[in-house]
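Per-entry structural report
Now for the letters of each chain:
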Amino acid sequence: SGPHGAARVAPTPAASVAQVWKVVGGVDKGGIVVRTGEELSSPQAEARLSTGALVEELAVKGERLNYRLLRGQGPEIGWVAIRLSGGKELVARTDEKP
C-alpha cells in the first residue's frame, strides 16, 4: 500500500465533533430570540440566547439553527434565526471551542 495508505484522511473533523456557532447578534437587546420549535410561529423561549454564547449545531433548516448551549446564558436547547431578514448575521460558524 505504500506511504499513501493511512495518510489520506479528509481534513474535515470527525463526525462526533459538531459544528460550533457563536452568537454575534443581539448586542443591543441582551441576546437573540430563541423559539421552542423550528417554525417562526412557535412559542418564544422565556430567555434570550446571550451575545457571545457558543452553541453546538444539532440541525439547520433553511435559515433556522437548532442548537444546544455550550457556553453562555440562555435556553439549553432551542431554535434561532441564523440571520435577520435584512441579512445581518445573528449567529456565525466558529472554530472556537467551549
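Overview of the structure. (Residues numbered from 1 in each chain as written. Predicted model: local features only at pLDDT ≥ 70, side-chain atom pairs only at ≥ 80, totals over all residues. Heavy atoms only, no water.)

Overview of the environment of E96
- Checked against the element boundaries, E96 lands in the segment after β5 (91–94).
- Apart from the residues within four sequence positions on either side, E96 is in contact with V20, K22, L54 and R71.
- Of note is the side chain of E96, whose polar atom sits 2.8 Å from the side chain of K22. (Helix = DSSP H or I, 4+ residues; strand = E, 2+ residues; numbered from the N terminus. Contact = heavy atoms within 4.5 Å. Polar contact = N/O pair within 3.5 Å; in protein donor to acceptor, adjacent residues only side chain to side chain.)

Focus on the pattern of salt bridges
- Counted by the stated rule, this structure contains seven salt bridges.
- A salt bridge links D28 to K29; the shortest N-O distance between them is 3.9 Å. Considered together, D28 and K29 belong to a single accessibility category, that of exposed residues.
- The residue R68 makes a salt bridge to E56 at a minimum N-O spacing of 2.4 Å. (Salt bridge = Lys/Arg side-chain N within 4 Å of Asp/Glu carboxyl O. Buried < 20%, exposed > 50% of the residue type's maximum accessible area, 1.4 Å probe, protein only.)

Here we look at the environment of L49
- Position of L49 relative to the elements: it lies in the loop between β1 (20–23) and β2 (54–61).
- A C-alpha to C-alpha distance of 8.6 Å links L49 and G26, two positions 23 residues apart in sequence.
- With near-sequence residues (within four places) excluded, L49 lies in contact with V23, G30, G31, I32, V34, V55, Y67, L69, Q73, G74, P75 and V80.

In short, geometric facts, not functional conclusions.
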